[in-house]
Amino acid sequence: MDGTLDILLETFTWVGFGAGMVLAGIALVAALADGTWLPASAVVEPGPDGRVARWFTHDGGVGEALLSASDELHLGAADSVHLFYRPGSNRIRFTPRSPLVRVTGWLAVGLLAIGALSLIASLIIMFASA
């Protein structure tokens, strides 16, 4: 039974560290590809084609974006919102990171934690049985 536990812990250690590092690399590439998004407080006003969010940009300009149907669902009847905008464009979102970056980042952290816990358990068993 002791040999089986050693094999399982060794497998979880290698798989946890290996897959965790791969996913951490994917999360890093996804974060770099996602680009820079800056926070802003926007005012939501009615416009000719629907509601429009307007905010002051980091360089003193004014940003403007027509709200999509999913943005409207997120906002409801609010007349102001905290958002993130992409400099140089009128793209907005309500989270600082994309969902892909968040998911791959948390999966990487979880797998690395499994690898670390398996390594610690393996070391404890190794020294306890000596």
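Predicted, not measured: the structure shown is a model, and the values here were computed from it. (Residues numbered from 1 in each chain as written. Predicted model: local features only at pLDDT ≥ 70, side-chain atom pairs only at ≥ 80, totals over all residues. Heavy atoms only, no water.)

1. Some points on the overall build of the protein
Our working rule: Only DSSP runs of H or I with at least four residues qualify as helices, and only runs of E with at least two residues qualify as strands; both kinds are numbered from the N terminus onward. It is over C-alpha atoms that the radius of gyration is taken, and the globule rule equals 2.2 Å times the number of residues to the power 0.38. Throughout, exposure labels follow a simple rule: accessible area from a 1.4 Å probe, protein chains only, divided by the maximum for the residue type, with under 20% read as buried, over 50% as exposed, and the rest as partly exposed. Think of it this way: Lys and Arg go in the positive column, Asp and Glu in the negative one, and His and the chain ends go nowhere. Lys charges are placed at NZ, Arg charges at CZ, Asp charges at CG and Glu charges at CD.
Helix and strand counts for the protein stand at three helices and five strands. Counting helices and strands in the order they occur from the N terminus, the protein gives α-β-β-β-α-β-β-α. For 130 residues, the compact-globule formula gives about 14 Å, and the C-alpha radius of gyration of the protein, at 23 Å, lies well above that figure. Dimensions along the principal axes, computed over C-alpha positions, put the protein at roughly 75 × 30 × 20 Å. A total of 130 residues make up the protein; the buried ones form 27% of that total. Here the protein contributes 7 positive and 11 negative side-chain charges, whose respective centroids are spaced 7 Å apart.

2. Describing the environment of L107
On the secondary structure map, L107 appears in helix α3 (residues 99–128). The class of L107 is partly exposed, set by a relative accessible area of 46%. Sequence separation between L107 and A19 is 88 residues, and the spatial gap between their C-alpha atoms is 9.2 Å.

3. A word on the sheet that holds strand β5 (residues 92–93)
Heads up, the rule is: In this description, strands pair whenever DSSP reports at least two bridges between them.
The five strands lie next to each other as β3-β2-β1-β4-β5, forming an open sheet whose pairing is antiparallel. Each having just a single partner strand, β3 (62–66) and β5 make up the two edges of the open sheet. With six bridges joining them, strand β1 (residues 38–47) and strand β4 (residues 80–85) adopt antiparallel strand pairing. For L38, the partnering residue across the bridge sits in β4 and is Y85.

4. As for the environment of L111
Rule in force here: Pairs of residues are marked as contacts when any of their non-hydrogen atoms sit within 4.5 Å.
On the secondary structure map, L111 appears in helix α3. Assessed through its relative accessible area of 23%, L111 is described here as partly exposed. Residues L111 and S70, 41 residues apart in the sequence, show an inter-C-alpha distance of 32 Å. Each residue touching L111, except ones within four places of it in the same chain, is listed here: G16, F17, A19, G20 and L23.

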